[in-house]
Amino acid sequence: MHCIKKITNDLTWVGANDRRLAMFEGVYSVPYGVSYNSYLLCDEKNVLFDTVDKAVQQRFIENLTEALGNRKLDYLIVQHMEPDHSSALQKILLLYPDVKIICNEKTLVMIKQFYDFDVKSRVQIVTENDTLNTGKHTLHFVMAPMVHWPEVMVTYDSTDKILFSADAFGCFGALNGALFADEVDFDKDYMNEARRYYTNIVGKYGTQAEALLNKASSLKIEMICPLHGFVWRKNLKNIISKYALWSSYEPEEYGVMIAYASVYGNTENATEILASRLRDKGIKTQMFDVSVTPASEIVSAAFRWSHLVFASTTYNAGIFVTMEALIFDLAAHNIQKRTVAIIENGSWAATSGSLIREQLSKCREIKILENMISIESSIKTTQLSEIDSMAAAIIATFPGSAAPIKKNSAPAASNIVQQETMFKLSYGLFVLTARDGDKDNGCIINTVTQITASPLRISIAVNKANFTCDMIIKTGEFNVSVLTESATFDIFERFGFHSGRNTDKFKGCDCNERAANNIRYVPKHTNAMISAKVVQPIDYGTHMLFIAEITQAFVISNEPSVTYQYYFEHIKPKPQAPKEGKKGFVCKICGYVYEGDKLPGDYICPLCKHGVADFEKI
Ligand code: FEO
């Protein structure tokens, strides 16, 4: 029985999910399954975008047959010839003998390699920027070589502003009834799988992925339809900004990934001590036993974190087998721009450390710290100072040569300030948080400005109607979390659209992080955190201006800060135009539209709770 999903009036998802596949491409575990996406565009001419893997061919044919109905299939666009998207090609030609295959020259070569049927007479070759008009829709072909195979191309529907992106922007994981990324908690439940998909499938080809991003940046894209995973119709910047980071090999976060290979637990023990030392200094850590965790997860984590530690016992006079495989895998995926520390172990003739160094030295922009630790069988008290030195050497390479402060650490240890944090400021949008007794609260502000460098002071302006303002007047302390372009509208709803006087704005929120001043901050969709103490409050009528001295500051991510303009263009929902012939008023805060000739004087926006003063006539 068919199971299709409507995307637009003209576009239907006719793909299928596979939850039985153990290893994608024979090497990547897919514990949450995988989707093979195929799309049918119905117009005066009907167009199918790619097919599916042979494992789900039957369901795909049922879906296509249902979505087509009595229509004829005119074109099959082959964007990618990897068999998980082209296995049903021959079946399509048998079922629809008049269908024309749209592809490029490289694809044609591959069709001939994979299949034996006569294809030449059935193919229409396209090149860069060629177009195909199907009636209402115009399709533009854009070559994307090596994202992920040389023949890959993507297609842009300029009518509906949809990018059919082939492997780009894909994700592991079956769709579980949803089709759009905004139907699920993508950051929480799928971002790891998106990162694992990108880094392992396309990671080697960062330059080519960047080239595709550059081409795409000139297009107005309102929806992305990849060959795996969810369709993006909202917050596209969320995934595009991740691709920009991943393809540039810049780390997403400052922190340390520790991968160890340990036969009897002694090498592991050394890494546990190192991780503990780093955590004591407030450094984020993630640890992997390379003999247990699939390499694809560790490769993915290596793309995420800024610092990598490899610890391996010596085995057969070389690197332990699983660690050796990981090191080669990372090099094959072009890992670069990382700081690396190495620990080796050997009961006699330790070699693993120098061999790891030799392999990683071939990678670009890898800084390997000098003070390698060499263990003989097990770590001894006398070597604890070496671990302390390694932790210090790692921390010394963090921005500003200072680690983020451990949460809730004593005030005496909380005076470290990273100068880079200042570079994250813009006329942008920020979550301002405060704490009074047991009450946590926060609001959105758009004015944070550095005033002086020595002492390092900022000013913030806060509307006096905000409960957070009252709390700061009382306590004299606050945190600023600098929001990024990946910020979603629900963050603005949570902190900006109601008062904390009668609600708990953190209820149901998974941001439980606190800075050294014990005030909460927002660790996601942000790139920096600043704690400050008020040195001068100035009353400006509707607003309070607080001049404050920074007591703690650290960078959270490399994502670009969101600007006020970006928020309005990309994050804030667009006002729905009132139905034809009707008049209305639009809320300037959240975009809600009230339909009617006259706005009642006491009207309150049902979405953001702002009054008539914030509405304007359409
Ligand atoms: Fe899902 Fe490169 O194919």
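Preceding this paragraph is the structure being described.
Anyway, here's the lowdown on the structure attached to this text. (Residues numbered from 1 in each chain as written. Predicted model: local features only at pLDDT ≥ 70, side-chain atom pairs only at ≥ 80, totals over all residues. Heavy atoms only, no water.)

## A few points about the overall build of the protein chain
And then number 1: Along the protein chain, the regular secondary structure elements total 17 helices and 33 strands.
And then number 2: Relative to its length of 618 residues, the protein chain is compact, with a C-alpha radius of gyration of 27 Å against a globular reference of 25 Å.
And then number 3: For the protein chain, the C-alpha atoms occupy an extent of roughly 85 × 75 × 40 Å along the three principal directions.
And then number 4: Considering the protein chain as a whole, with its 618 residues, one finds that 55% of them fall into the buried category.
And then number 5: Once local pairs closer than 6 in sequence are excluded, the contacts in the protein chain between residues at least 24 apart make up 68%.
And then number 6: On the protein chain, roughly 26300 Å² of surface is accessible, and the fraction owed to carbon and sulfur atoms is 50%.
And then number 7: Each charge class in the protein chain can be summarised by its mean position, and for the 64 positive and 69 negative side chains these summaries are 4 Å apart. (Helix = DSSP H or I, 4+ residues; strand = E, 2+ residues; numbered from the N terminus. Rg over C-alpha atoms; globule rule 2.2 N^0.38 Å. Buried < 20%, exposed > 50% of the residue type's maximum accessible area, 1.4 Å probe, protein only. Contact = heavy atoms within 4.5 Å. Areas by Shrake-Rupley, 256 points an atom, 1.4 Å probe, with all protein chains shown as cover. Lys, Arg positive; Asp, Glu negative; His and termini not counted. Charge placed at Lys NZ, Arg CZ, Asp CG, Glu CD.)

## Side note on the pairing of strand β27 (residues 456–463)
Consecutive residues of a regular strand have side chains that alternate between opposite faces of the sheet.
And then number 1: Buried residues dominate β27, accounting for six of its eight residues.
And then number 2: As paired strands, strand β26 (residues 448–453) and β27 are joined by five bridges and run antiparallel to one another. Opposite threonine 452, over in β27, you have arginine 457 as the bridge partner.
And then number 3: Between the antiparallel neighbours β26 and β27 lie two residues.
And then number 4: The pairing of β27 with strand β30 (residues 543–555) spans seven bridges and is classified as antiparallel. Paired with alanine 461 across the two strands is leucine 545, which belongs to β30. (Pairing = 2+ DSSP bridges.)

## Considerations on a nonpolar patch on the surface
And then number 1: Together, Val263, Tyr264, Tyr315 and Val321 make up a nonpolar patch on the protein surface, roughly 450 Å² of accessible area in all.
And then number 2: Structurally, valine 321 can be placed in helix α11 (residues 321–332).
And then number 3: Taking the relative accessible area as the measure of exposure, valine 321 reaches 47% and is therefore partly exposed. (Patch = residues over 30% accessible without salt bridge, like charges linked within 9 Å, V, L, I, M, F, W, Y side chains within 5 Å. Salt bridge = Lys/Arg side-chain N within 4 Å of Asp/Glu carboxyl O.)

## A look at unusual backbone geometry
And then number 1: The omega torsion of the bond from serine 454 to proline 455 falls at 0°, within 30 degrees of zero and hence cis.
And then number 2: Secondary-structure assignment places proline 455 in the loop between β26 and β27.
And then number 3: The backbone phi angle of lysine 161 is positive, close to 60°, even though this residue is not glycine.
And then number 4: You can see lysine 161 is positioned in the loop between β14 (153–157) and β15 (162–166).
And then number 5: Phi at asparagine 334 takes a positive value of approximately 70°, unusual for a residue other than glycine.
And then number 6: Looking at the secondary structure, you find asparagine 334 in the loop between α11 and β21 (338–345).

## Examining the sheet that holds β15
Sheets are built from strands that pair by backbone hydrogen bonding, the pairs being arranged parallel or antiparallel.
And then number 1: Read from one edge to the other, the open sheet built from five strands follows the order β12-β13-β14-β15-β16, with strand pairing classed as mixed. Looking at strand neighbours, the two that pair on one side only are β12 (131–133) and β16 (223–226), the edges of this open sheet. Averaged over all adjacent pairs, the angle separating strand axes in this sheet is 20°, with direction ignored.
And then number 2: Bridging between β14 and β15 involves three bridges; their strand directions are antiparallel. By the bridge assignment, threonine 155 is partnered in β15 with phenylalanine 164. (Axes fitted to C-alpha atoms, helices over the stretch in contact; angles between N-to-C directions.)

## So, the packing of aromatic side chains
And then number 1: Applying the stated criterion across every chain yields a total of 22 aromatic pairs.
And then number 2: Taken together, a centroid distance of 4.5 Å and an interplanar angle of 45° make the contact between phenylalanine 492 and tyrosine 567 tilted. Within this pair, whereas phenylalanine 492 is found in helix α16 (residues 489–496), its partner tyrosine 567 is found in helix α17 (residues 564–571), the two being separated by 75 residues in sequence. One exposure class covers both phenylalanine 492 and tyrosine 567, and it is buried.
And then number 3: For the pair tyrosine 521 and phenylalanine 554, a centre-to-centre distance of 5.6 Å together with 80° between the ring planes defines the contact as edge-to-face. In this pair, tyrosine 521 is assigned in the loop between α16 and β29 (526–540) and phenylalanine 554 in strand β30, connecting sequence segments 33 residues apart. You'll find tyrosine 521 and phenylalanine 554 in the same group, each marked buried. (Phe/Tyr/Trp six-rings, centres within 6.5 Å; stacked < 30°, edge-to-face > 60°.)

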